[in-house]
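# Structural characterization, general
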Amino acid sequence: MGLPARTTVTSTLRVTLRTGAAACALAALPGCTDGDPRAGPDARPSATASPTPSPTARSPVDLCVDLVAYWVKEALVGSEWAGLDWEQKGLSNEQLVIHDDVLALARAKERAAGREAAVSFTDEETRRRCAAANGATGSSENWKPPP
């Protein structure tokens, strides 16, 4: 009587791990190779395989626009998360000033021309202000002047 297949695999892995050849054992398992799944443990990816592109770094201006415009739009629609404070929103002191100014102007635009116009205005004005402030990343050691 032989051992069940699971016990044999477990015992083999246990021995393999003890001998320091864990990488070889794992590479031999289906789905553990970088190239052809039918290839053995020494298989390497083919030269024609397309590499995964690395993410591109975003500029401080783009990050400022994304962050500030997002929170202005959340406030315009009355989101429950719009009530978070500036630190919880991840805003710098400079971004908070841009947020507050753009939000006040966007609310006025919404009253005059509707929500769609206010959202469009938010994107444009936030981009303009974040670009003028080079991303508005400055902070004063998490200090905010009292209202």
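Everything below is about the structure printed above this text.
Worth saying up front: this structure is predicted, and the values here are computed from it rather than measured. (Residues numbered from 1 in each chain as written. Predicted model: local features only at pLDDT ≥ 70, side-chain atom pairs only at ≥ 80, totals over all residues. Heavy atoms only, no water.)

Bringing the pattern of salt bridges into the picture now. Tallied over the entire structure, the rule returns seven salt bridges. Where Arg129 meets Asp101, a salt bridge forms, and the shortest distance between an N and an O atom there is 3.2 Å. Taken together, the residues Arg129 in helix α5 (residues 115-132) and Asp101 in helix α4 (residues 93-113) connect sequence positions 28 residues apart. Since its relative accessible area comes to 21%, Arg129 is described here as partly exposed. Here the salt bridges do not stand alone but share partners, grouping Asp101, Glu125, Arg128 and Arg129 into one network. (Salt bridge = Lys/Arg side-chain N within 4 Å of Asp/Glu carboxyl O. Helix = DSSP H or I, 4+ residues; strand = E, 2+ residues; numbered from the N terminus. Buried < 20%, exposed > 50% of the residue type's maximum accessible area, 1.4 Å probe, protein only.)

Considering all chains together, one arrives at one aromatic pair under this definition. Judged by centre distance (5.0 Å) and plane angle (85°), the rings of Tyr70 and Trp71 are edge-to-face. (Phe/Tyr/Trp six-rings, centres within 6.5 Å; stacked < 30°, edge-to-face > 60°.)

The next subject is the state of the cysteines. A full pass over the atoms with the stated rule returns one disulfide. Between the sulfur of Cys64 and that of Cys130 lies a disulfide, 2.0 Å long from S to S. Torsion about the S-S bond of the Cys64 and Cys130 cystine: about -65°, corresponding to left-handed handedness. Here Cys130 lies in helix α5 and Cys64 lies in helix α3 (residues 60-76), a separation of 66 residues in the sequence. (Disulfide = S-S within 2.5 Å.)

With respect to the helices, strands and loops of the structure, Glu74 is situated in helix α3. In this structure Glu74 is buried but unpaired, with Lys89 as the nearest side chain of opposite charge at 9.0 Å. The residues contacting Glu74, other than those within four sequence positions of it, are Ser79 and Ala82. (Lys, Arg positive; Asp, Glu negative; His and termini not counted. Contact = heavy atoms within 4.5 Å.)

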